[in-house]
Amino acid sequence: MITLYDYELSGNCYKVRLFLEILKIPYVKHPVEFYPGFEHKSDALLALNPLGQLPILDDAGFVMRDAQAILSYLAQRYAPGSHWYPVLDARRLGETNMWLAFANELTATSSAARLQQLFEFELDADKARRGAYRLFRILDEHLWLSERQPDGGWLCTGGQPTIADLACFPYVMLAPEGGISLLDFPALRRWTDRVKRIAGFTVMAGIFPASPSRQQAPTEHGAITM
Amino acid sequence: MSEALNSAWFPVAGAHDLAERHIFAGELHNVELALWRDDDGCVNAWDNRCCHRGARLTLGANTGHRVRCQYHGWQYRSGDGQCIVLPAASQTPPPTSVCAHTFAAVERNDLVWVNLNLPAGHPACPPQGDWLIAEPGAGRTQRALQSFVLHAGAATALAGVQRYAAFDARLSGDPSVALRSSPRAVHLSWNEDGQALQLFFLLQPARTDKTLVHAVLEAPADAVALGPWPARHQAAMKRLRHRLIDEGRVSDVPLSTADDAYVPPPPQPKVRQRGSERLLKARVTRVTEVAQDIRSFELEPEDQGDIGALADFIPGAHIDVLTPAGLLRQYSIVSAPGEINAGSARGVRGVTIAVKREPDSRGGSASMHGQIREGAIVEVSRPKNHFRLANSGGALFLAAGIGVTPLLSMAGQMAATGRLHALHYFSRGAAHVAFRERLDALQDVHLHLGLSPEATLAQIQSILATMDPQMDIYVCGPRPFLDAIVGAAQALGLGADRVHFELFSNTISHQNDKPFKVRLARSGVELNVPVGQSLSDVLSEHGIAVETSCEQGVCGTCMVTVLEGTPEHRDVYLSEDEKRAGHCMQACVSRSASEMLVLDL
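Residues numbered from 1 in each chain as written. Chains lettered and ligands numbered in written order. Predicted model: local features only at pLDDT ≥ 70, side-chain atom pairs only at ≥ 80, totals over all residues. Heavy atoms only, no water.

Asker: Quick question: what am I supposed to make of the overall build of chain B here?
Answerer: For chain B, the count of helices and strands is 11 helices and 34 strands. Seen along its three principal axes, the alpha-carbon backbone of chain B occupies a region of about 95 × 55 × 45 Å. Across the 601 residues in chain B, those meeting the buried criterion constitute 56%. Carbon together with sulfur atoms contributes 50% to the accessible area of chain B, which is approximately 24600 Å² in total. Positive and negative side-chain charges of chain B, numbering 55 and 64 respectively, have mean locations separated by a distance of 2 Å. (Helix = DSSP H or I, 4+ residues; strand = E, 2+ residues; numbered from the N terminus. Buried < 20%, exposed > 50% of the residue type's maximum accessible area, 1.4 Å probe, protein only. Areas by Shrake-Rupley, 256 points an atom, 1.4 Å probe, with all protein chains shown as cover. Lys, Arg positive; Asp, Glu negative; His and termini not counted. Charge placed at Lys NZ, Arg CZ, Asp CG, Glu CD.)

Structure follows, in structure tokens:
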């Protein structure tokens, strides 16, 4: 059985919950009081992750830290050979890992601004916001070109989402809570709608669902054709 | 309309930016915009605020023909922005004043253009001269490229864009590049690989310190030309932006936030229009004799700009139709939302209405039967969602004659969503039963043919006595039929709130008419309403246009607000509670119990 050491308001915990839901993998949540209790810095949790960060995944005694690493583990363990983590295609594997690393950059900026705003952590929020803005611009320009490819629309080529999309998604959506508007990033906003329409998508506080796509619901009110 | 208002059109997005079931966030002159396309491709440009609690509509969802606010689920429909669902009061139609603040929008040059000074539906004029762009020439095509944000005022952005050629690898060394410039646009034209190419740059003043640069490429249509252009333009603009930032002309990051810069949209001219001026053209795609004296008419919007106008409604809705006799008449929609008419050549979603030829017709139904043929164009309103299903566990539909029309649409909805329902259809005889194939699609249909009034009453009593207690009752038919049902329900102890009804006609006695006075609060004008004339007639004689439609107190179109005095209600539109409160009245039929009424006009 999988146990996720989880904090409800954490975008990094959320991306793991999201992927577990998408893959329909049963798991148990172990809630950790990140704030105000700082339980992730307790001896018990430092024993699981000496970096004192969440999430932590325990899969039948195999313990892992780092949200991006957990996503790659889950993909290869529970959905091998799927589009989520294309390990057999060197280029797409490279792309996926490149954008997984980008997700950590978002944690350092967008998430930091939000931590300052929500929990008054001692961080330079303006600097974090400027950093996040530049990263979002890179994402937006990348996605604008991707949308124009026949198999585009996602961070990596291949026409289907990868764990990199899930890894980058939370701190894009939660950016407004850190005082960063997405107004200047139209392609990025369209991509968030696509992520929200992945089968099995689940929400967290501050992240709302999208309406069903036209393929999922051709008419919105149950029309019958005569 | 002044020229200044009509000329204030600005590009706000590329046409491709408005993706299916997406709400695009825009900004023009510090006004935040929610831009979205409905499932039929029609573009909406609204103030980005829900008129309930001011939540951003861009946080909400585009559900196909409506935008649903994320906060309390208010749903605004495409086209006129009317709110048609308030989830907290789902069985009552929202007042017509609950409406998104709409702006006129049009697609041209592969861009979306918006005019903040005009409401949706206003005819657009082409971009004025200083945008430098026109419709593409014969055999040429225009494609919008990526729009870029520059954190600087429009003048700085303009000076920057004029240097564009220097940042494109091929244009920088090309002496044939010709540049034209205006205060809000830049135009480059040149020849490349034997093709005449043009680039138009159009500046959108988003905020005083933020300018969007739209770019449109014009090229020969046969050249699959666009190929490298998305990436090529992006690379050039990134280099240009980087240089402008290095030179200190443009900021790398925002200088203000949309919250700080927020301004409400400018006021728009309020034109009080008569009902007929808001009608849209619909084509009659099929006319069918569905029963004795009953014809069905399949309608679909004719103009491309209205193409989705009949696709979305709440079952039970009606439309106003301007009949060939020149009368505005209400006809319930029989079909389900989103149906494509069997007779449609274009696959457009439309509606089916049914019209019974009335022997004592005032001209409406007789002219529909006599003059409307397949292929005709009639003027109709957008759907009016007054009669609707309440949130109950089930529905018992009781129809008499032509009253079956709204109930068929409602029963279809119940069937499609798998909810408990039964339909009892009272008719003079088998030849008068309409829409057999729609009836067959329902589960629990009972025909009651040729019953006497006494037998009808007995049948109603028996139906109500044995109905499923989870059901609400929906009635449509003539007044005596409704009265019999209301009486029977009362006798069985069923609450009045469980009987929902719609009447198609109203019988009004003028025996006790008395003259009365009205004072119009806004102008102070006092008018006399004599015996034999209606309030709405007196008002329109004095140039105060009150929109009217059925002229018999059925449809609710001519509602006016009462500030003082006691109206004597003669309509069947207002609920008993609303009548008792006395804050509004139907000007076409209702009169006054007090000597004077003060109206909010």
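Now that the structure has been shown, the text picks up again.
Asker: Looking at this structure, how should I read the packing of aromatic side chains?
Answerer: Aromatic rings considered in pairs are described by the distance between their centres and by the relative angle of their planes. Considering all chains together, one arrives at 25 aromatic pairs over all chains under this definition. Ring centres 5.6 Å apart and planes at 85 degrees place the aromatic pair B:Phe10 and B:Trp131 in the edge-to-face group. Placement of the pair is B:Phe10 in strand β1 (residues 9-14) and B:Trp131 in the loop between β10 (111-115) and β11 (140-144), with a sequence separation of 121 residues. B:Trp131 sits in the buried class, given a relative accessible area of 1%. An angle of 55 degrees between the planes, with centres 4.6 Å apart, marks the rings of B:Tyr164 and B:Phe201 as tilted. In this pair, B:Tyr164 is assigned in the loop between α2 (154-161) and β13 (178-182) and B:Phe201 in strand β15 (residues 195-207), connecting sequence segments 37 residues apart. According to the relative accessible area criterion, B:Phe201 is buried, its value standing at 1%. The rings of A:Tyr7, A:Phe34, A:Tyr35, A:Phe38, A:Phe119 and A:Phe121 are connected pair by pair, giving a single aromatic cluster. One Lys or Arg, A:Arg77, reaches over the ring of A:Tyr78 and ends 4.5 Å from the middle of that ring. One cation-aromatic arrangement involves B:Arg49 over B:Tyr262; the distance from NZ or CZ to the ring centre is 4.4 Å. (Phe/Tyr/Trp six-rings, centres within 6.5 Å; stacked < 30°, edge-to-face > 60°. Lys NZ or Arg CZ within 6 Å of the ring centre and 35° of its normal.)

Asker: Honestly, unusual backbone geometry in this entry has me stumped. Any pointers?
Answerer: Residues other than glycine predominantly adopt negative phi, and peptide bonds predominantly adopt the trans conformation. Cis geometry is adopted by the peptide bond preceding A:Pro36, which originates at A:Tyr35 and carries an omega value of 5 degrees. Mapped onto the elements of the fold, A:Pro36 is located in the loop between β2 (27-31) and α2 (43-48). Following A:Leu54, the chain continues into A:Pro55 via a peptide bond in cis, with omega recorded as 0 degrees. Backbone geometry places B:Asn30, a non-glycine residue, at a positive phi of 70 degrees. Turning to its location among the elements, B:Asn30 is positioned in the loop between β2 (23-28) and β3 (31-37).

Asker: Looking at this structure, how should I read empty space enclosed by the protein?
Answerer: Remark: the empty space left among the atoms is shown by a probe the size of a water molecule rolled over them. In total, this model carries 2 cavities of 30 Å³ or more according to the counting rule given. One number sums up the size of the largest cavity: a volume of about 300 Å³. Contributing elements (two or more residues each) for the lining of the largest cavity: α5 (125-147) of chain A together with β1, β2, β12 (148-150), β15 and β16 (210-220) of chain B. Looking at side-chain class alone, the lining of the largest cavity contains 13 nonpolar, 6 polar and 8 charged residues. (1 Å grid on protein atoms, 1.4 Å probe; cavity = no way out; pocket = protein on both sides within 12 Å on 5 of 7 lines; lining within 4 Å. Points joined across faces, edges and corners; volume = space filled by probe spheres on them. Nonpolar A, V, L, I, M, F, W, Y, C, P; charged D, E, K, R; others polar.)

Asker: How should the interface of chain A and chain B be read in this particular structure?
Answerer: Interface size is often expressed as the accessible area that is lost when the parts come together. Between chain A and chain B, the contact holds 32 residues from the first and 48 residues from the second. For the pair chain A and chain B, the summed buried surface comes to about 3600 Å²; carbon and sulfur atoms form 52% of the total. Where B:Arg241 meets A:Glu141, a salt bridge forms, and the shortest distance between an N and an O atom there is 2.9 Å. The interface formed by chain A and chain B includes 15 residue pairs in polar contact (both at pLDDT 80 or more). Mapped onto the side of chain A that touches chain B, the elements with two or more residues apiece are α5 and α7 (186-196) of chain A. For the side of chain A that touches chain B, the element with the most residues is α5(A), which contributes 8 residues. Tallied by class, residues from the side of chain A that touches chain B come to 13 nonpolar, 6 polar and 13 charged. (Contact = heavy atoms within 4.5 Å. Buried area = accessible area lost by both parts, 1.4 Å probe. Salt bridge = Lys/Arg side-chain N within 4 Å of Asp/Glu carboxyl O. Polar contact = N/O pair within 3.5 Å; in protein donor to acceptor, adjacent residues only side chain to side chain.)

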